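Residue-level listing of the chains:
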Amino acid sequence: MRNETEVRAYLRQQLDKDFELHEEVCVRHSLFKRRRLRLDLLAIPMDPRLSDIALAFETKPDREWDIPLWSEALKQASDYVLATVEPDLKAHAGKRVMAVFVYPSPLEGLADA
């Protein structure tokens, strides 16, 4: 079983040739402007045609998923959708997060079941 740091390192390794990656990025909630959040991994495509897009990943340790854990992860990830990158990350400040993915997916193990 991998912890969250190991999961994130593996994900970075898989994405780093196609995305500019930043960990622990502060963003501002899209509706509740006073709410500042910190997402696990921000991914900006290296393809210049897609450079306006910001994606995010909510990483979790390997675990046995149940409905409450899955619901909590989805709720956390949904808070980041359309959030705005804070000025702390100058190169991408103001970009909006267009999609958020939970990794690893609790569905990964179902294919083997």
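Note: the structure precedes this text.
A. Layout of the packing of aromatic side chains. The final tally for this structure, using the stated rule, is 2 aromatic pairs. Residues W65 and W70 carry aromatic rings whose centres are separated by 5.6 Å and whose planes lie at 80 degrees to one another, so their mutual orientation is edge-to-face. Judged by relative accessible area, W70 falls into the partly exposed class, the value being 26%. For R63, the ring lying beneath its charged end belongs to W65, and the centroid distance is 5.1 Å.

B. Fine view of helix 1 (residues 4–15). Taking 1.5 Å as the rise per residue, helix 1 with 12 residues should run 16 Å; its terminal C-alpha atoms sit 16 Å apart, in good agreement. Within helix 1 the residues assigned to the buried category are V7, R8, L11 and L15. The arc that holds every buried residue of helix 1, seen down its axis, measures 95 degrees, which confines them to one face. Within helix 1, the exposed residues directed more than 90 degrees away from the buried face are T5 and Q13. The N-cap residue of helix 1 is N3: its side-chain oxygen and the backbone nitrogen of T5 are 3.0 Å apart.

C. Quick peek at the sheet that holds strand 5 (residues 97–103). Read from one edge of the open sheet, 5 strands run 4-1-2-3-5, paired in mixed fashion. Sheet topology places strand 4 (84–85) and strand 5 at the edges, where each strand pairs with a single neighbour. Pairing between strand 1 (residues 19–28) and strand 2 (residues 36–45): 9 bridges, direction antiparallel. Paired with H22 across the strands is L42, a residue of strand 2. Each of strand 1, strand 2, strand 3 (54–59) and strand 5 is contacted by helix 1, which is oriented at about 130 degrees to strand 1, the strand it contacts most. Strands strand 1, strand 2, strand 3 and strand 5 of the sheet are contacted by helix 2 (residues 67–80), whose axis makes an angle of about 160 degrees with strand 5.

D. Seen up close, unusual backbone geometry. With omega at -5 degrees, the peptide bond leading from Y103 into P104 counts as cis. As for its placement among the helices and strands, P104 is situated in the segment after strand 5. Residues other than glycine seldom take positive phi values, yet L82 does so here, at roughly 70 degrees. Relative to the helices and strands, L82 is located in the loop between helix 2 and strand 4.

E. Geometry of the pattern of salt bridges. Inspection of every chain in the model, using the stated rule, returns 14 salt bridges. With its nearest N and O atoms 3.4 Å apart, the salt bridge here joins D40 to R8. Note that D40 is positioned in strand 2 and R8 in helix 1, a separation of 32 residues in sequence. When sorted by exposure, D40 lands in the same class as R8, which is buried. Put simply, K75 and D79 hold a salt bridge, and the shortest N to O gap is 2.8 Å. Here K75 and its partner D79 are both found in helix 2, 4 residues apart, which amounts to about one turn of the helix. Here D79 falls in the buried class, since its relative accessible area comes to 11%.

Here is what the cut-offs are and how they apply
- Residues numbered from 1 in each chain as written.
- Predicted model: local features only at pLDDT ≥ 70, side-chain atom pairs only at ≥ 80, totals over all residues.
- Heavy atoms only, no water.
- Phe/Tyr/Trp six-rings, centres within 6.5 Å; stacked < 30°, edge-to-face > 60°.
- Buried < 20%, exposed > 50% of the residue type's maximum accessible area, 1.4 Å probe, protein only.
- Lys NZ or Arg CZ within 6 Å of the ring centre and 35° of its normal.
- Helix = DSSP H or I, 4+ residues; strand = E, 2+ residues; numbered from the N terminus.
- Expected span 1.5 Å × (residues − 1).
- Arc of directions from axis to C-beta.
- Polar contact = N/O pair within 3.5 Å; in protein donor to acceptor, adjacent residues only side chain to side chain.
- Pairing = 2+ DSSP bridges.
- Contact = heavy atoms within 4.5 Å.
- Axes fitted to C-alpha atoms, helices over the stretch in contact; angles between N-to-C directions.
- Salt bridge = Lys/Arg side-chain N within 4 Å of Asp/Glu carboxyl O.

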